[in-house]
Amino acid sequence: MSPRLALLALPLLLAACATAPKGATNAAADREPDEYEADDVLLRNHDVPHVVVAEAFVTASTPDDNIDSPASWLQDGKLMLVASAKATDQLVVYDGDTGKRLRTVGGSGKALGKLSRPNGIATIDDRLLFVVERDNHRVQLFQLPDFKPLLTFGEDALQKPYGLWVRRKGAGYEVLVSDAYMAGEDAKGDDIVPPLAQLDRRFRRYEVVQADGKWSVQAAGAFGDVSAAGAIRVPESLFGDEANNRLLIAEEDVPTGTRLREYDLQGRYLGRDVGNGQYVAQAEGIALMRCADGSGWWVASDQFADRTVFHLFERRSLQHAGSFAGKVTGLTDGVWLDERGDARFPQGVFYASHLDLGVAAFDWRDIATALKLPACPR
């Protein structure tokens, strides 16, 4: 989520990065609300049970981009991949099967089609891409595959948006956007989390529809629990499961206890947290593998600086089902799971940002084999 030294990819610098705050090279304007200083963010320093799954590919490193979040779509039966590049105000398009970099979209600015600090992204129906822009305080909608910009929304209400989740609703779409507004800074320049009573707008809801060839958006309210148990102090990632009326939200505030909180799709905290006993570094990206029989697994990243651990939780019960790490993938922010796959990934593919430098891909068959998961009916 926050900018880091591109050279973090070099093993010789990992120890130094462990004692520096996330975003050690950032200017004040680039600071992220989830930055923290700690000496316990290296997986090699912690006994976290996991299996190792080799990456199917890792894209070429592009240090200038500061890659944050990936998403995919199918184009003529083949996977395509796009990721947000925070530092260059672009979207980077890759071949979803090989990781080859194909093109960039966007560029700095406020006009339609331009971007400012793009962060969370999501595709839907293989025809639309939603992009959160932190510093333009908005969400922008693009048409796929040509990336034609269609509209922006949220500028009148969003203060510091980061993540989003999109689902079909009626003839259109519902978009939930996380907003990491803070209550200023302390004497050290660190963000001050607002009082609990002011956390009732952590997530905003929008309804996006198309009629007569024109797109329009309507604000549909805000939500956020204000209890000590259910409030989200530092928000970003969220993902929903309509079949179980469930919304999982990452609490990234380490002092409070980083984990996933269970809400319903109406925005009510259900009193249960996920990942207690599993998360050690920081809860980040969330994805869901959905199987035709209603089973499946949540996959969520624990952001160690050297190698990210990905925790799996059973879809219905939310019980921990195992954890894996890649051979090299680390410091993961956003993740994306395409359960449909293509000829290259016939059982699906899991994408994860890697060291702010690019995107790693994992074949679901390799994950399922390593963790001895049952078959996922399609």
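Attention in this report is confined to the structure presented alongside it. Here the structure is a predicted model, which means the values were calculated and not measured.

Parameters at a glance
Residues numbered from 1 in each chain as written. Predicted model: local features only at pLDDT ≥ 70, side-chain atom pairs only at ≥ 80, totals over all residues. Heavy atoms only, no water. Pairing = 2+ DSSP bridges. Helix = DSSP H or I, 4+ residues; strand = E, 2+ residues; numbered from the N terminus. Contact = heavy atoms within 4.5 Å. Axes fitted to C-alpha atoms, helices over the stretch in contact; angles between N-to-C directions. Buried < 20%, exposed > 50% of the residue type's maximum accessible area, 1.4 Å probe, protein only. Arc of directions from axis to C-beta. Salt bridge = Lys/Arg side-chain N within 4 Å of Asp/Glu carboxyl O. Core = buried A, V, L, I, M, F, W, Y, C linked by side-chain atoms within 4.5 Å.

Considering the sheet that holds strand β24 (residues 349-354)
In sheet architecture, strand pairing relies on hydrogen bonds along the backbone and comes in two forms, parallel and antiparallel. In spatial order, the strands read β2-β25-β24-β23; together these four strands make up an open sheet with antiparallel pairing. The sheet terminates laterally at β2 (57-58) and β23 (335-338), the two strands that pair on one side only. Across two bridges, the pairing between β2 and strand β25 (residues 358-363) is antiparallel. Its bridge partner being in β25, Phe57 is matched across the sheet by Ala361. Here helix α2 (residues 364-371) sits on the sheet in contact with β23, β24 and β25, set at roughly 60 degrees to β25.

Thoughts on the sheet that holds strand β18 (residues 269-274)
With antiparallel pairing, four strands are arranged side by side in an open sheet as β15-β16-β17-β18. Only two strands of the sheet have a single partner each, and these edge strands are β15 (238-241) and β18. For this sheet the average axis-to-axis angle between neighbouring strands, irrespective of direction, equals 25 degrees. Sheet topology note: the β15/strand β16 (residues 246-251) ladder contains four bridges and is antiparallel. Considered in β16, the bridge of Asp241 is made with Arg246.

Things to note about α2
For an α-helix, the turn length of 3.6 residues means that residues three or four places apart are oriented alike. For α2, the full list of buried residues reads Trp364, Ile367, Ala368 and Leu371. Buried positions in α2, seen along its axis, are confined to an arc of 95 degrees and lie on one side of it. Note on α2: the residue one or two positions beyond its end, Lys372, has a positive phi of about 55 degrees.

Observations regarding the pattern of salt bridges
Taken as a whole and judged by the stated rule, the model has 24 salt bridges. The shortest N-O distance in the salt bridge between Arg138 and Glu133 comes to 2.7 Å. Assigned by exposure class, Arg138 and Glu133 land together as buried. Linking Arg272 and Glu262 is a salt bridge whose minimum nitrogen-to-oxygen distance equals 2.9 Å. Within this pair, whereas Arg272 is found in strand β18, its partner Glu262 is found in strand β17 (residues 259-263), the two being separated by 10 residues in sequence.

Some remarks on the nonpolar core
Leu91, Phe130 and Phe147 are the most contacted members of the largest nonpolar core, which totals 47 residues. Leaving out residues up to four positions away in the same chain, Leu91 has contacts with Val82, Ala83, Ser84, Arg103, Thr104, Val105, Leu115, Ile121, Leu129, Val131, Phe142 and Phe147. Formed by 24 residues, the second largest nonpolar core is a distinct cluster that contains Leu238, Leu247, Leu248 and Trp298.

Function cannot be read off these values alone, since they describe shape.
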